[in-house]
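Observations on chain architecture
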Amino acid sequence: MDKKKRLAWQIPFLLLLIIGTILIIGQQRDIPYQHNEGFVFGTIYKITYQSDRDLHDDIKAALIGVDESLSAFNEKSILSQVNRDEDVALNKIFTDVFTLAQSVSDDTNGAFDITVAPLVNAWGFGFKNEKMPTKPEVDSMLQHIGYKKVSIVKNRIKKTDNDIMLDCAAIAKGYGCDVVAKILADKGVDNYMVDIGGEVVTKGISPKRLPWKIGVTKPIDDSLTVNQEIQSILNVTDKSMATSGNYRNFYYKNGKKYAHTIDPKTGYPVQHSLLSATVITDRCAIADAYATAFMVMGIDKARKVLQRHPEMMGYFIYSDAKGQLSVWYSPSLKDKIE
């Protein structure tokens, strides 16, 4: 009798549970996906999320906050004031990003360096105008490069060299993605994709009720950015992904092509065959910074860093001994590649 009584009680409970689950799923299906787009950090952002409210105003306000802290193009930003050697108090955004940048610099032996911008700009304009920086010019700029020459003291940036310039371009987009993702999560949004200039954070499922799928662009010669051929598609739900690589700019040496990535230590373009570095991990700012560092380090050194960080996955496109595109990726990424 006791067994029958238990069954008599459990069956209605299970039916209610099943019906409740079906109703919840049905209700979730009825909630629309919002699509917000805009321009920030010199690039386009696209944000897709499931919500019965348009949260674009909150998103824009958060991105403006990041821009006012980290933008080198905003004359009133904290970064611009630091670069003008003005006495400016640092806010949490600037402090968080600076601290993370210094940590990645230490971990990559200086391959990531937010003081390298003058060299990057000099070489970038050099390739564009076909007038490369001379050795004296490079040597002169190198005197004012080095992440260990800057620190935070009493909520102010302290420089050992007043000519040092900071540039957070290689980490700001990833950080911005994290900020937007937190806003969405705090608003109770369970399904979203945040994309700022190709750096991405995802959670839950897409409007197609499937895991989010992100394409990795094939690094091919295309100065007009007409060809957006995809190398691979990755399932990266509940992860952050960032890619670094000068997809449209290469220089050739001995028949092989190299990306225009500048080594902060030598002041010259790197001499290795890595053309694109994609990093997948939990925080997009971290993925962004390490993807940049890996482009400086090259595939062999980058793989050694990944061995120390099992929480990160890497997807690298490089030019092999025959000059053909080849791919290496972390073993843990295998099941996520389509």
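Since the model is a prediction, treat every value here as computed from it, not as a measurement.

What follows deals with the nonpolar core. Of all hydrophobic cores here, the largest spans 68 residues; its most connected members are Phe94, Leu166, Leu184 and Phe294. Tallying contributions element by element places helix H8 (residues 284-297) first for this core, with 11 residues. Those residues in contact with Leu166 that sit more than four places away from it in its chain are Leu79, Val82, Asn83, Phe94, Phe98, Ile114, Thr115, Val150 and Ile157. Residues Met193, Trp212, Leu234 and Tyr315 belong to the second largest nonpolar core, which totals 14 residues.

Here strand S14 (residues 325-329) shows one buried face, formed by Ser326 and Trp328, and one open face, formed by Leu325, Val327 and Tyr329. Of the strand pairs in this sheet, strand S13 (residues 313-319) and S14 are connected by 5 bridges, and their pairing is antiparallel. For Ile317, the partnering residue across the bridge sits in S14 and is Val327. Hairpin connection from S13 to S14: 5 residues lie between these consecutive antiparallel strands, with Gly323 at a positive phi of about 85°.

Moving on, we come to the environment of Asp85. Mapping Asp85 onto the fold places it in the loop between helix H3 (78-83) and helix H4 (92-107). Residues Asp85 and Ile157, spaced 72 residues apart in sequence, show a C-alpha to C-alpha distance of 8.8 Å. Once residues within four sequence positions are removed from consideration, Asp85 is found in contact with Lys159 and Asn162.

Reading the values: rules and limits
- Residues numbered from 1 in each chain as written.
- Predicted model: local features only at pLDDT ≥ 70, side-chain atom pairs only at ≥ 80, totals over all residues.
- Heavy atoms only, no water.
- Core = buried A, V, L, I, M, F, W, Y, C linked by side-chain atoms within 4.5 Å.
- Buried < 20%, exposed > 50% of the residue type's maximum accessible area, 1.4 Å probe, protein only.
- Helix = DSSP H or I, 4+ residues; strand = E, 2+ residues; numbered from the N terminus.
- Contact = heavy atoms within 4.5 Å.
- Pairing = 2+ DSSP bridges.

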